[in-house]
Protein chains: 2
Amino acid sequence: MIAGRSSECSILSRIKRMASVPSGSQLKVGIGDDCAVFRPRGGAEDLLFTTDMLLDEIHFRRTTHSAEDTGYKALARGLSDIAAMGGAPRFCLLSLAVPRWADQAWVDGFYRGFLKLARQTATPLAGGDLALAEQLACDVVVCGAVPKGGALLRSGAMPGNGIYVSGKLGGSALGLATGNGRAWKRHLRPEPRLALGRFLRERLHATAAMDLSDGLSLDLSRMCTASRVFASIEPPPVFPGATLDQALHGGEDYELLFTLPPGSRPPASFEGVPLTRIGVTTKVRRGDPPGKILLEGKPLPPLGFDHFQNS
Amino acid sequence: MIAGRSSECSILSRIKRMASVPSGSQLKVGIGDDCAVFRPRGGAEDLLFTTDMLLDEIHFRRTTHSAEDTGYKALARGLSDIAAMGGAPRFCLLSLAVPRWADQAWVDGFYRGFLKLARQTATPLAGGDLALAEQLACDVVVCGAVPKGGALLRSGAMPGNGIYVSGKLGGSALGLATGNGRAWKRHLRPEPRLALGRFLRERLHATAAMDLSDGLSLDLSRMCTASRVFASIEPPPVFPGATLDQALHGGEDYELLFTLPPGSRPPASFEGVPLTRIGVTTKVRRGDPPGKILLEGKPLPPLGFDHFQNS
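It should be emphasised that the depicted structure is a prediction, and the values quoted were computed from it without experimental measurement.

What about the relation of the copies chain A and chain B?
Step number 1: Placing chain A over chain B gives an RMSD of 0.0 Å and needs a rotation angle of 180°, together with 0.0 Å of translation along the axis. Taken together, the rotation angle and the small translation identify this as a two-fold axis. In terms of C-alpha distance to the rotation axis, chain A has G43 of chain A as its closest residue, with the C-alpha 1.9 Å off the axis.
Step number 2: Residue by residue, 100% of the interface of chain A is reproduced at the interface of chain B, so both copies engage with the same surface.

Shown next, in the form of structure tokens:
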């Protein structure tokens, strides 16, 4: 068994070591960020690629998630990765493995939810694959674009940068726990922050960004590790009704986490979504583990969702 | 249930109708060919994208396929699609859903087989996703490139074109039936015809091409439907030991099927792989169904592998 023996992070490090990218490749960023970055020959833009699987009983439950909600969410997660790099979506690919319980109405509903979001975000479906299987599994690839060299990476934060989050955190975890109200809607239909991502890149000159998919404590730790900094934060803004624990460690908020150069004065909100400074990056201290975070001066463990350790 | 009610083809047509591509999109070819074709802004090349799922008990069996063979095949199928469009691979993405029976040694073996072929074909792994699941499922995206406007499509054949196949057909079906010898190796480790695909595009000016993944009878019928032609063929070259039925209807040969303009004189082989003329495309006759094929003057039904009807 993989579960219990390795964390997702340690498996990914091993794969990353095995999967060396040859020098001179058009791949500018490979495994480890929200998206891979590919530079087309002679092109004016870099292309971003992200791939996300959605599995029954892991990422959704067919007893509580409608086919349309499931299709929506399958695409929303990839779009959120494009937003985190400051990109504009260009197209998507969808592979769907369909078990026998999923009838034609379910499959049509899934595509309806998926394609509605695809139209709203100008992300045409370019292709995919379809097969019968025992468990419903879908894999979505989204391609986005940024001006050459402009992608916002996890690794760009410098000591002394302000740390910010969009929105209020913990809503998705609260929704999953209660199954009703605004929080449940939040869990079912997260909004990819595409316009905000571009605003961070073009106007705020963010030094690093990523989306909050596995919980602030784990995701901020990953950003700090990639950027080789530490972080010192205050409690983040909490979704109405959620606990601080849900805001710190709950996954699937799909808000953006980003850092700004010292002296930045971002607006208090962007298109109705609050932008809140929650702390500052600091220099790494020798002997401390990478990615260390202090919350109100006390170490914050990365308790967010690890797909291999929490299963 | 989807099986028994719809064919893969009818489901794909419905999805294609739902998934309209907006005018002015950078997508030059969407759903329906071996790859989607995307034109980067200001770029010198078109990019090709193909996505293929590999599922336990459908595309391989863990009792007979080693982890390395499975990893090899997961990538080979996508590379074969790139070959069919005349492209050179640029990078790949891999999503892997791992069930509990797959221990660390299995996962490492899978990546070893996958990454060895990736290195041999200069197709670096750019990213992916990893999750625990009940059934092993993997989804591979391969990106390739061709000069702008140069992709070989299924839809380019004109009446009077010669129809050709590479290699000898039915080897994979024979291997699956017997489980030993050269045919079994053929089934386990199909060779993507990347150099041949580029030769077809650059030197032979092929009018149409596709790879033989689901059997000659079904794949040629698809090509004829896309090109709005009929076909009249002789028996294709048969893999030693295979039956004519296996050569006509057996899947997973991953040879190339292509058409050449009248008067073409291709070599008898390319890098040791025979190139054989098996027939000619003809004008569609009113009242006949699309994609009709005659074998030695008699109608050949498209009996190849349909993932939804054969399940």
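Moving on from the model shown.
With respect to helix α2 (residues 67-84) of chain B
Residues and elements named next belong to chain B.
Step number 1: Taking 1.5 Å of rise per residue, 18 residues should cover 26 Å, and α2 covers 26 Å from first to last C-alpha, within 8% of that figure.
Step number 2: By the criterion of burial, α2 is predominantly enclosed, with 17 of the 18 residues buried.
Step number 3: Positive phi appears at G86, one or two residues downstream of α2, with a value of about 80°.

Comments concerning the nonpolar core
Step number 1: By size, the foremost hydrophobic cluster in this structure holds 41 residues, and its most contacted members are L75, F110, Y111, F114 and L125 of chain A.
Step number 2: Those elements giving two or more residues to this core turn out to be β3 (45-55), α2 (67-84), β4 (88-98), α3 (104-120), β5 (125-132) and β6 (137-147) of chain A together with α1 (8-18) of chain B.
Step number 3: If sequence neighbours within four positions are ignored, L75 of chain A has contacts with C92, F114, L117, A118, V140 and V142 of chain A.
Step number 4: Of all hydrophobic cores here, the second largest spans 40 residues; its members include L54, A74, M85 and L94 of chain B.

Side note on the packing of aromatic side chains
Step number 1: For the structure on display, the rule yields 17 aromatic pairs over all chains.
Step number 2: Aromatic side chains F110 of chain A and F114 of chain A sit 6.4 Å apart centroid to centroid with 20° between the ring planes, which places their arrangement in the stacked category. Here F110 of chain A and its partner F114 of chain A are both found in helix α3, four residues apart, which amounts to about one turn of the helix. As far as the burial class goes, F110 of chain A and F114 of chain A line up, both buried.
Step number 3: Consider the rings of W106 of chain B and F110 of chain B, whose centres lie 5.6 Å apart with planes at 20°: the pair is stacked. With a gap of four residues between them, W106 of chain B and F110 of chain B both fall in helix α3 (residues 104-120), about one helical turn apart. The residues W106 of chain B and F110 of chain B share a single accessibility class, namely buried.
Step number 4: Taken together, the ring pairs in this structure connect F38, F49 and F91 of chain A together with F38, F49 and F91 of chain B into an aromatic cluster.

Digging into the sheet that holds strand β2 (residues 36-38) of chain B
Residue and element names in this part refer to chain B.
Step number 1: Pairing is mixed in the open sheet, where six strands are placed in the order β1-β2-β3-β6-β4-β5. The sheet is open, and its two edges are formed by β1 (27-29) and β5 (125-132), each paired on a single side. The average undirected angle you get between the axes of adjacent strands in this sheet is 20°.
Step number 2: As defined by bridge partners, strand β4 (residues 88-98) adjoins β5 across seven bridges and the pair is classed as parallel. Each residue of the ladder has a partner; that of C92, found in β5, is L125.
Step number 3: Strands β4, β5 and β6 (137-147) of the sheet are contacted by α3, whose axis makes an angle of about 170° with β4.

Some points on the environment of S227 of chain A
Residue and element names in this part refer to chain A.
Step number 1: Secondary-structure assignment places S227 in helix α7 (residues 216-227).
Step number 2: Residues S227 and S155, spaced 72 residues apart in sequence, show a C-alpha to C-alpha distance of 3.9 Å.
Step number 3: Excluding anything up to four places from it in sequence, S227 contacts R154, S155, G156 and A157.
Step number 4: At 3.4 Å, the side chain of S227 forms a polar contact with the backbone oxygen of S155.

Here we look at the packing of α2 of chain A against α3 of chain A
All names here are of chain A.
Step number 1: With their axes 6 Å apart at the nearest point, α2 and α3 run at an angle of 40° to one another. Here α2 is positioned oblique relative to α3, judged by the angle of their axes. Here the hand of the crossing between α2 and α3 comes out right-handed. From α2, A67, E68, T70, G71, Y72, A74, L75, A76 and L79 reach across to α3, where they touch W106, G109, F110, R112, G113, F114, L117 and A118.
Step number 2: Counted by class, the contact of α2 with α3 contains 11 nonpolar, four polar and two charged residues.

What about the sheet that holds β3 of chain A?
All names here are of chain A.
Step number 1: In space, the six strands of this open sheet follow the order β1-β2-β3-β6-β4-β5, with mixed pairing throughout. Pairing within the sheet leaves two strands with one partner each, and these edge strands are β1 (27-29) and β5. The mean angle between the axes of side-by-side strands here comes to 20°, regardless of whether they run parallel or antiparallel.
Step number 2: Of the strands in this sheet, β4, β5 and β6 are in contact with α3, which crosses β4 at around 165°.

Focus: the interface of chain A and chain B
Step number 1: On the side of chain B, 68 residues touch chain A, which itself brings 68 residues to the contact.
Step number 2: Between chain A and chain B, roughly 6100 Å² of surface is buried when both sides are summed, and carbon and sulfur atoms account for 67% of that area.
Step number 3: Three residues, M53, L130 and L132 of chain A, lead the burial of chain A against chain B; their summed loss comes to 10% of the area buried on that side.
Step number 4: Counting the contacts that link chain A with chain B gives two salt bridges.
Step number 5: A salt bridge links E45 of chain B to R41 of chain A, with the shortest nitrogen-to-oxygen separation between them at 3.6 Å.
Step number 6: Taken together, chain A and chain B are joined by 14 residue pairs in polar contact (both at pLDDT 80 or more).
Step number 7: Elements represented by at least two residues in the side of chain A that touches chain B include exactly α1 (8-18), β2 (36-38), β3, β4, α3, β5 and β6 of chain A.
Step number 8: For the side of chain A that touches chain B, the leading source of residues is β5 of chain A, giving eight residues.
Step number 9: Of the residues in the side of chain A that touches chain B, the class split is 39 nonpolar, 14 polar and 15 charged.

Here's the deal with the environment of G197 of chain B
Residue and element names in this part refer to chain B.
Step number 1: You can see G197 is positioned in helix α6 (residues 194-202).
Step number 2: Considered as a pair, G197 and G150 are 47 residues apart in the sequence and their alpha carbons are 12 Å apart.
Step number 3: G197 has contacts with A83, G86, L152 and L256, leaving out every residue within four places of it along the chain.

Calculation notes
- Residues numbered from 1 in each chain as written.
- Chains lettered and ligands numbered in written order.
- Predicted model: local features only at pLDDT ≥ 70, side-chain atom pairs only at ≥ 80, totals over all residues.
- Heavy atoms only, no water.
- Least-squares fit on C-alpha atoms with pLDDT ≥ 70 in both.
- Contact = heavy atoms within 4.5 Å.
- Helix = DSSP H or I, 4+ residues; strand = E, 2+ residues; numbered from the N terminus.
- Expected span 1.5 Å × (residues − 1).
- Buried < 20%, exposed > 50% of the residue type's maximum accessible area, 1.4 Å probe, protein only.
- Core = buried A, V, L, I, M, F, W, Y, C linked by side-chain atoms within 4.5 Å.
- Phe/Tyr/Trp six-rings, centres within 6.5 Å; stacked < 30°, edge-to-face > 60°.
- Pairing = 2+ DSSP bridges.
- Axes fitted to C-alpha atoms, helices over the stretch in contact; angles between N-to-C directions.
- Polar contact = N/O pair within 3.5 Å; in protein donor to acceptor, adjacent residues only side chain to side chain.
- Parallel < 35°, antiparallel > 145°, perpendicular 65-115°, else oblique.
- Left-handed = near helix turned anticlockwise from the far one by under 90°.
- Nonpolar A, V, L, I, M, F, W, Y, C, P; charged D, E, K, R; others polar.
- Buried area = accessible area lost by both parts, 1.4 Å probe.
- Salt bridge = Lys/Arg side-chain N within 4 Å of Asp/Glu carboxyl O.

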